[in-house]
Every structure is written in C-alpha cells, then in structure tokens.
Amino acid sequence: MKSSTFSLLVVLALAMLASCNNVSYKKSNSGLLYKIYPGNEKDSLIRTGAVVKFNYTIKLNDSLMERFNSYGKLPGYVKVQEVQSSSYDFQEILTQMKKGDSAVTVQIADTLMKRQSPILPPNAKKGDRLTMTVKITDVYYVDSLAQADYLQEMERDRPRQMKEQEEEMARMQKEMLEQKEKEYQEMVKSGEVAKGLKDLEDFLKSKNIQAQKTGRGTYVVIAQQGTGPQADSGKYVTVKYDGKILETDSSFQAHEYSFQLGQGGVISGWDEGLKLFREGGKGTLYIPGFLAYGKNPPPGSPFKPYQALKFDVEMVSVSDTMPAPKMAPQR
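Only a predicted model underlies this, so the values are computations on that prediction, with no experimental measurement involved. (Residues numbered from 1 in each chain as written. Predicted model: local features only at pLDDT ≥ 70, side-chain atom pairs only at ≥ 80, totals over all residues. Heavy atoms only, no water.)

Q: Honestly, the pattern of salt bridges in this entry has me stumped. Any pointers?
A: For side chains bearing opposite charge, pairing can occur when the charged atoms are close. Enumeration according to the criterion identifies 20 salt bridges in this entry. Across the pair Glu181 and Arg216 runs a salt bridge whose closest N-O atoms are separated by 2.9 Å. Of the two residues, Glu181 sits in helix 3 (residues 143-190) while Arg216 sits in the loop between strand 8 (212-214) and strand 9 (218-224), which places them 35 residues apart along the sequence. Taking the relative accessible area as the measure of exposure, Glu181 reaches 31% and is therefore partly exposed. Residue class for Arg216 comes out partly exposed when judged on its relative accessible area of 33%. One connected set of salt bridges, linked through shared partners, spans Lys53, Asp149, Glu153 and Arg156. (Salt bridge = Lys/Arg side-chain N within 4 Å of Asp/Glu carboxyl O. Helix = DSSP H or I, 4+ residues; strand = E, 2+ residues; numbered from the N terminus. Buried < 20%, exposed > 50% of the residue type's maximum accessible area, 1.4 Å probe, protein only.)

Q: Before we go on, may I ask you to explain the pairing of strand 5 (residues 76-79) in this structure?
A: On a regular strand, one side chain projects to one face of the sheet and the next to the other, so that they alternate. Here strand 5 shows a clear split, with Gly76 and Val78 buried on one side and none of Tyr77 and Lys79 buried on the other. Note that strand 3 (residues 51-60) and strand 5 share four bridges and pair antiparallel. Within strand 5, the position partnered with Val51 by the bridge is Lys79. (Pairing = 2+ DSSP bridges.)

Q: Is there a simple way to think about the nonpolar core in this case?
A: Buried together is how nonpolar side chains tend to be arranged in soluble globular proteins. Of all hydrophobic cores here, the largest spans 32 residues; its most connected members are Val239, Phe259, Trp270, Leu274, Leu285 and Phe311. Elements with a minimum of two residues in this core: helix 3, helix 4 (192-206), strand 10 (236-245), strand 11 (250-260), strand 12 (282-287) and strand 13 (309-319). Top element by residues in this core is strand 13. It accounts for five residues. Counting 29 residues, the second largest nonpolar core, distinct from the first, contains Val78, Val80, Ile93 and Ile136. (Core = buried A, V, L, I, M, F, W, Y, C linked by side-chain atoms within 4.5 Å.)

Q: Help me out: how do you make sense of unusual backbone geometry in this one?
A: Glycine aside, residues mostly have negative phi, and peptide bonds are mostly found in the trans state. In this model, Tyr88 sits at a positive phi of 55 degrees, which is unusual for a non-glycine residue. One can find Tyr88 in the loop between strand 5 and strand 6 (102-108). Within the chain, Gln116 stands out as a residue other than glycine whose phi angle is a positive 55 degrees. Here Gln116 lies in the loop between helix 2 (109-115) and strand 7 (129-140).

Any functional reading would require information that these geometric values do not contain.
Next comes the structure, spelled out in structure tokens:
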C-alpha cells in the first residue's frame, strides 16, 4: 500500500473519530473547534515564519469534498504568520503543532457564511459542519527549500492536473453540446427552424445563389475549394472571416479566429459549414438564425433574435494541434 494511501486512511479515521460525540475539542479564540493528535516526530513546535507542508481533507457533514482532498494530489503549503485570533481556520493552531502531527478542526457553516468563506459549498446550510483533517508532513525555515519542494511536487502532480483539465474540458463541451441540442429541439417545436429555413431558401432563390445545404440548414457556396487538409470535427482550424447581417449585407465583424471544429465552441452554422472546406479554401456561409444566435443573442450585440447571418470565409489552416489563439468572433 502506498504511503499516501495509508496516510489518507489514517486521516479519514481521525475524521470519523472526530465525528463522534466523545471527542474532547478545544476552542480557539475565534471559536474554532480543534483537536491535535501528536505524531512520533521529536521536532520542536512550529515557529512563526516557517513554511508548512501538509496534506488535508475537508468534509461537509459526512461527505468528503473532493476538491479539498490533497491526497494523491498537490499538498498544501502555508507560511506561518503571527496568530490571528479571528482567522477561524487551522492556521490559528499551527504554532501548537510540530512535524508529523495531525489535527482535526470543525467550522460551523453559520460562522463561515458571515465571513463569506470561499470553501463553503453553495449547497451548505445553517447548522452544517466542515471538518478538516490536517497532517503536517514537513516544515521549512528556509524559503528556497520550501520553493524547491513545491516545484518538485508540482512537476509530480502535473500529469494528474492535465488529465483533470482535459476531463473538465470534455465535461463542459458535453454540457454545451447538450444545451445546444435542447435549444434546437425547442426551436423545432416552436416552428422557428422551419421558418428560418424557408426564409433563407427564399432569399437564396431570389438572389439566384446556388448553395449547398449541409447539416441542419447551413448553406455553403465554395468559391475556391483549397488543396490542403480537409476540415473536420476535432481538427484545429484558423478561419479569416467577414461576418455580415444577411438582410442588410452590413458587416458586424471581420477578423481571424482559431478553434477546434465540431466541439460547440462557435455557432452551429460554423461547425456545420466549415467542414466542407480544405485548407486554402474560400467561400460563403449562409446561416439561418436558429443556427446562429437563436432566440437570445449576446447582450450588446447587433443581432436580433433569430437573425440570419452571412460569413465570407477563408480556411487559413487545418491542423491536429491548436495554433496561437486569436480573438473569437462575436457570439
């Protein structure tokens, strides 16, 4: 069993013990309830100015708050300051501890609410208790040694952080696509999809524009196909564009933008229409309002609800990696 896993089990056991009514807590000047469990180290008590390295967990009542669990992640580091009687957190008791010691602190949600504490979850209510377990793993009296250790721990934790960031991005993209699909189905039921398609098709017919329909209703005219890689979902593309309001042919924004195609990060008409281009290609996207900004355009934008748009585009590049970021089109 890995030592970090063992330490976590010990700390959770302390938290379970602390949840029992027979624990004899002390109370700090700020009202913080705490209990210190001495370790086996022979070090002296921590002094002001030291940098303390520690592992920790926080539970809301009986539920572990995973975002406040350092085990298997980056440990915590804090510089010990003069004791502040109003701090109402574990830093208030650090000078009573030494390397190897553990502690359990209990904070009452009512007090944290008054202090507008950032650790208090939004679902917390009056009477809830936050139980924090802390284990002091090292103490540094030279800042450069603490900094070196921190950088080493950061490098060790980097793969986990990157994986966590990727998972969070995937979750956010999934939620965004699900929300877009929900909005689309609502527009189908309301008749806005059928109306938007008819209005756009009537416009193209009146102007004698021969355009190719793709996806749910984006119409594309390809002036120059391009000879480079094909744009497709998952590819990173850089697009030079001139966005216009269809009914007035007035430009609202012209720029260059890089993004990952097909991930819901731009309006749906872009995700649909740009897949017909290769790198170096040029053309025009005609996008009905329900595939542009829909019912609720961004505040301060020049768009009306369900307003159809037109984009003259050039597919500057198509690649498997993200190029240098550019300013996003207005959305």
